[in-house]
Amino acid sequence: MPTSLKTIKSRLDEHLGEGLTVVAQAGRKKVVRRKGTLAETFHSVFVVDLDQNENSFERVSYSYADLLTKSIDITFDSEETEEVEADAE
């Protein structure tokens, strides 16, 4: 896990335009799972364009601190396919 906000931003910059799944804590026992595409990264936040078939709004933004504090978890679609291929071997 990256230990600085600058490292988190640089790693997200490498995945711009890729599909991802964001799992966020919405309460004590509630988890929200959203699918979308990493659209933009800014100085302190990143923006995800959400899949319109599954969500009622178009975009959502999160801060890099959310990743650092593990309030949210991100899995890129490319990482999921690598795991499936490794399991098949």
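Chemist: I'd love a proper account of the overall build of the protein chain, names of residues and values included.
Modeler: From N to C terminus, the protein chain includes 3 helices and 5 strands. From first element to last, N terminus to C terminus, the protein chain shows the α and β order α-β-β-β-β-α-β-α. Counting all 89 residues of the protein chain, 29% fall into the buried class. For the protein chain, the proportion of contacts with a sequence separation of at least 24, taken over those separated by at least 6, is 41%. Counting only carbon and sulfur atoms, one obtains 48% of the accessible surface of the protein chain, whose full area is about 6,100 Å².

Chemist: Run through the packing of aromatic side chains, naming residues and quoting values.
Modeler: Following the criterion strictly, the structure yields 2 aromatic pairs and no others. Ring centres of Phe46 and Tyr62 lie 5.9 Å apart, and the angle between their planes is 40°; on these two criteria the pair is classed as tilted. Of this pair, Phe46 sits in strand 3 (residues 45-50) while Tyr62 is found in strand 4 (residues 59-63), placing the two residues 16 residues apart along the sequence. Residue Phe46 is classed as buried on the basis of its relative accessible area of 0%. Aromatic side chains Phe46 and Tyr64 sit 5.8 Å apart centroid to centroid with 25° between the ring planes, which places their arrangement in the stacked category. Taken together, the residues span a long stretch of sequence, with Phe46 in strand 3 and Tyr64 in helix 2 (residues 64-68) at a distance of 18 residues.

Conventions adopted
- Residues numbered from 1 in each chain as written.
- Predicted model: local features only at pLDDT ≥ 70, side-chain atom pairs only at ≥ 80, totals over all residues.
- Heavy atoms only, no water.
- Helix = DSSP H or I, 4+ residues; strand = E, 2+ residues; numbered from the N terminus.
- Buried < 20%, exposed > 50% of the residue type's maximum accessible area, 1.4 Å probe, protein only.
- Contact = heavy atoms within 4.5 Å.
- Areas by Shrake-Rupley, 256 points an atom, 1.4 Å probe, with all protein chains shown as cover.
- Phe/Tyr/Trp six-rings, centres within 6.5 Å; stacked < 30°, edge-to-face > 60°.

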